[in-house]
Amino acid sequence: MSPAARYYITTAIAYANNRPGLHTLFEVIGADVIARWHRMKGDETRFLTGTDEHSVNIAQRAAELGKEPLEFANENVALFRGAEDALLISPDRFIRTIDPDHVKAVQEMVRRAHANGDIYVGTYEGWYCPAEGFKAPSDVVETSGVTRCPNHPTVTLEWLSEHNWFFRLSAYQERLERHFEEHPEFAQPDYRRNEMLGFIRGGLEDFSISRAVGTWGIPFPIMPDGSSSQRADGSWDPDAGTVYVWYDALINYVTGAGFPDDPAGFAHWWPADLHVIGKDIARFHTIYWPAMLWSAGLEAPRHVWIHGFLLTQGERMSKSLGNFLDPIDVVRALGADGARYVTLREVAFDKDTEVSWDSFVRRYNADLANDFGNLLNRTISMANRYFDGERPAVGPDAGLARVWGEALASYQDRLAGCLLHDALCALWDVVGAANRLVDAEQPWTLAKAMKAGDEAAGVKLRAVLGDLVEACRLISLAVAPFMPTAAPRALTQLGYAYPYGPDGNGGPALADELRWGAHAGEAGRLATAEPLFPRLETEAATPAAG
RNA sequence: GGCUGGGUAGCUCAGUGGCAGAGCAAGCGGCUCAUAAUCGCUAGGUCGUUGGUUCAAAUCCAACCCCAGCUACCA
């Protein structure tokens, strides 16, 4: 836990074929929180997220719309970036698989695998949809003995075989098994790790990494005879084909660290500390990816965290089912801070969770408007009224301070363990304790006694409100990774300068700021109380139709 | 089919041998600083089913019924 630690965190790159739903951005919000937490702690932090833009599917969809693939991808990427901006996502780089340095990184990874003897030309067989491309067995449907593509039911599928490059995953079975055993923290949560380990033990087959058809992809850099596919004029021989799926998408993580043209940067940032991904791509990240890295002489990432999905009425949220929440709607209703908080408080970060618009509004009102927002508001209002805006200092009673200490320890542990929903739960114990303290001490009663000349009541009142102000300061700061604009607004109302930048960089070490009474000796003036989280009427908060 | 996780209050979920819990929603009361907020109290469950082990089972064992995941090339 050195204060100058570096922390490199990534999300999966999103397939840029449509506008994003909240279920897609869920992991980006979570990773953003973890990144901000590390920035505020003082770690040198790099947060990478972006989009996956190659594939015949994208080219096909673009063609249907009468567009070039790049034009289509640009439009969708703009939708992703717009939604991420609305959610205050703070990537240090937004990577696209069309970025020139990514193309170079992919080709270099292929060359290294080739130099290491890990790729070879083999035969790939499968169903081929003339309108779309190769289809996986799980992506075709068989009706009365005829196999069809669900996207193009009138098109006759062909059984094709083509010569493709294969990656020798089978050569890495023992090493992968050993890696899982020696590093149980590598793939988490445990039940996901066990699934992956079971898969490895069941035997690993090689997988194809190139496609002969399709031009919307990264040129494969090697000809079947092993020579370079780059021609004298710098262009690539189309006969070499394109890089297929995982040898394109996964490599964004090393591109984003500086591979291969920035060796110093890459040495600094790699291996990544954490890949945050969904359960659907766990195998590719925890099995394919380490083997690909080892083949290139690189280290595996330190941790892969596998999260679950958002469900509505038992079904996975998805764009094809049309049962997804639009992140823009959620931000419009709850605000960016509210959308982030509610999403990560309602949805467990380690498993599937049932969600609904009503549950989001209920959670917003209960936790933010009623509990936390009202605590801030009543605290600031009373302190202003009873002490003419002078900020009271913490008192000698350690009651709330002790609650704070326990909650903070729990909060930190759960954040470190990627249990973001439980982390917030720990913090809200302090909100509850502070609200109960108000009722127990009845500051308004003390204020009347003080006005009547009771000096002891005045001292007590100052201490109680000082403790409440301090609890508000600490909770606001600690929750800042989740609610990055509410935190500075709260601190301003409490009469403190907010020392961190918009992305969480630049301030003092958070551990120092989160000590109870860290600013006890400093005078300050409270600002006028203004509700941070206006209460929502359920009817008024319905998302726009469509 | 095999393996894994789950089935507990109206809802979302904790709880791995010792008197069934939390939050939200509901009802009642208190308070008045506050965003019709807050604080307290109450109600609400055959712990999927059936057997078994045990002084004692939500918890351990067996069988069965549901739901979800994994069981290789979709981003």
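For the structure given in this document, a descriptive report is provided here.

Quick notes on the rules
Residues numbered from 1 in each chain as written. Chains lettered and ligands numbered in written order. Predicted model: local features only at pLDDT ≥ 70, side-chain atom pairs only at ≥ 80, totals over all residues. Heavy atoms only, no water. Helix = DSSP H or I, 4+ residues; strand = E, 2+ residues; numbered from the N terminus. Expected span 1.5 Å × (residues − 1). Pairing = 2+ DSSP bridges. Salt bridge = Lys/Arg side-chain N within 4 Å of Asp/Glu carboxyl O. Buried < 20%, exposed > 50% of the residue type's maximum accessible area, 1.4 Å probe, protein only. Near = heavy atom within 4 Å. Polar contact = N/O pair within 3.5 Å; in protein donor to acceptor, adjacent residues only side chain to side chain. Nonpolar A, V, L, I, M, F, W, Y, C, P; charged D, E, K, R; others polar.

## What to know about helix H14 (residues 420–441)
With 22 residues, H14 should reach 32 Å at 1.5 Å per residue; the first-to-last C-alpha distance of 33 Å fits that figure. Downstream of H14 by a residue or two, Gln-442 has a phi angle that is positive, lying close to 45°.

## A word on the sheet that holds strand E11 (residues 207–208)
Within a sheet, neighbouring strands are paired by backbone hydrogen bonds and run either parallel or antiparallel to one another. Read from one edge of the open sheet, 4 strands run E6-E5-E9-E11, paired in antiparallel fashion. At either end of the open sheet lies a strand with only one pairing partner, and these are strand E6 (133–135) and E11. Pairing analysis gives 10 bridges linking strand E5 (residues 119–129) to strand E9 (residues 158–167), with the strands arranged antiparallel. Within E9, the position partnered with Thr-123 by the bridge is His-163.

## Remarks on the sheet that holds strand E17 (residues 315–316)
The strand order across the open sheet built from 3 strands is E17-E16-E18, with neighbouring strands paired in mixed fashion. Two strands bound the open sheet, and with one partner strand each, they are E17 and strand E18 (353–354). Here strand E16 (residues 310–312) runs beside E18; their pairing, made up of 2 bridges, is parallel. By the bridge assignment for E18, Leu-311 is matched with Glu-354.

## A word on the pattern of salt bridges
For the coordinates displayed, the defined rule picks out 25 salt bridges. Here Glu-181 and Arg-201 are joined by a salt bridge, their closest N and O atoms 2.7 Å apart. With Glu-181 in helix H5 (residues 173–182) and Arg-201 in helix H6 (residues 190–201), this residue pair connects regions lying 20 residues apart in the sequence. Classification of Glu-181 as partly exposed rests on a relative accessible area of 44%. One salt bridge in this structure joins Arg-363 and Asp-367, with 3.2 Å as the shortest N-O distance. Of the two residues, Arg-363 and Asp-367 both sit in helix H12 (residues 357–387), 4 residues apart, roughly one turn of that helix.

## Things to note about the protein's contact with RNA strand B
Taken together, 43 residues lie around RNA strand B, and Ala-136, Gly-203, Glu-205, Arg-283 and Lys-351 are the ones closest in. What you see for RNA strand B is that sugar and phosphate hold 69% of its atoms within 4 Å of the protein. Within the side chain of Asp-52, one N or O atom sits 2.6 Å away from a sugar or linking oxygen of RNA strand B. At a separation of 3.4 Å, a base nitrogen of RNA strand B approaches a polar backbone atom of Leu-204. The biggest single contributor to the surface near RNA strand B is H12, with 12 residues. For the surface near RNA strand B, the per-class residue count stands at 19 nonpolar, 8 polar and 16 charged.

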